[in-house]
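# Analysis of the macromolecular model
As a plain string of letters, each chain reads:
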Amino acid sequence: MTSQCLFCRIAAGDIPSNKVYSDDDVYAFRDINPAAPQHILVIPRKHLSSLNDAGPEDQALMGKLLLSARSIAQELGFADDGFRTVINTGEHGGQTVFHIHVHVLSGRHLSWPPG
Ligand code: AMP
Ligand code: ZN
């Protein structure tokens, strides 16, 4: 928990969010500015600034993030229609919040390549 970090504070319940899933390692909530009809953010409770800061000790946690995204997609009913998982990293990746998060997007056809 980093007290200055927005997503640490959301996971801790200090800042309100629209929670969709929570366990000891992972917290998931709806994006405040959705880019698709379904837009969930899946974060580890552990503070990691970005994928650049994840190390070998985070291997299981990174796997859990991705499988949690899949479970949430199933639970919310859009897994079979399809969805996109995205991790933006650093400036060129378009990252704006420096606590690693997996975007889960669905509910419409998503174009490729991204802008
Ligand atoms: P990124 O640009 O990949 O770092 O994604 C950050 C995401 O966090 C954006 O899609 C924002 O809309 C979202 N966001 C920022 N603040 C909040 C918040 N308080 N609650 C939910 N989502 C947020
Ligand atoms: Zn954090």
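How each quantity is defined
- Residues numbered from 1 in each chain as written.
- Chains lettered and ligands numbered in written order.
- Predicted model: local features only at pLDDT ≥ 70, side-chain atom pairs only at ≥ 80, totals over all residues.
- Heavy atoms only, no water.
- Donors = N, O, S within 2.8 Å, 3.2 Å for Na, K, Ca; no water.
- Helix = DSSP H or I, 4+ residues; strand = E, 2+ residues; numbered from the N terminus.
- Buried < 20%, exposed > 50% of the residue type's maximum accessible area, 1.4 Å probe, protein only.
- Pairing = 2+ DSSP bridges.
- Axes fitted to C-alpha atoms, helices over the stretch in contact; angles between N-to-C directions.
- Contact = heavy atoms within 4.5 Å.
- Near = heavy atom within 4 Å.
- Polar contact = N/O pair within 3.5 Å; in protein donor to acceptor, adjacent residues only side chain to side chain.
- Areas by Shrake-Rupley, 256 points an atom, 1.4 Å probe, with all protein chains shown as cover.
- Nonpolar A, V, L, I, M, F, W, Y, C, P; charged D, E, K, R; others polar.

### Some details on the coordination of the zinc ion (ligand 2)
At 2.0 to 2.3 Å from the zinc ion (ligand 2) lie its protein donor atoms, namely Cys 5 (SG), Cys 8 (SG), His 47 (ND1) and His 99 (ND1). The motif formed by the donor residues of the zinc ion (ligand 2), counted along the single chain, is C-x2-C-x38-H-x51-H. Of this pair, Cys 5 sits in the segment before helix H1 (6-11) while His 99 sits in the loop between helix H3 (90-93) and strand E5 (102-106), and the two are 94 residues apart along the sequence. With respect to burial, Cys 5 and His 99 carry one shared label: buried.

### Focus: unusual backbone geometry
Residue Pro 113 is bonded to the preceding Trp 112 through a cis peptide linkage, with omega at 5°. Tracing the sequence through the fold places Pro 113 in the segment after E5.

### Comments concerning the sheet that holds E5
As summarised here, the arrangement of the 5 strands in space is E1-E2-E3-E5-E4, forming an open sheet in which the pairing is antiparallel. Both edges of this open sheet fall to strand E1 (19-22) and strand E4 (84-86), since each of them pairs with a single strand only. The sheet shows a mean angle of 20° between the axes of neighbouring strands, direction not considered. Direction of pairing for E1 relative to strand E2 (residues 26-30): antiparallel, over a ladder of 3 bridges. Opposite Tyr 21, over in E2, you have Ala 28 as the bridge partner. Of the strands in this sheet, E1, E2, strand E3 (38-44), E4 and E5 touch helix H2 (residues 59-76), which is tilted by about 150° from E3.

### Overview of the site of ligand 1
In the vicinity of ligand 1, 16 residues are found, and the nearest of them are Asp 31, Asn 88, Thr 96, His 101 and His 103. The contact in question runs from an oxygen atom of ligand 1 to an N or O atom on the side chain of Asp 31, over 2.5 Å. For ligand 1, whose free accessible area comes to 500 Å², the fraction covered by protein is 83%. For the shell around ligand 1, the leading source of residues is H1, giving 3 residues. A breakdown of the residues in the shell around ligand 1 according to their chemical character gives 7 nonpolar, 7 polar and 2 charged.

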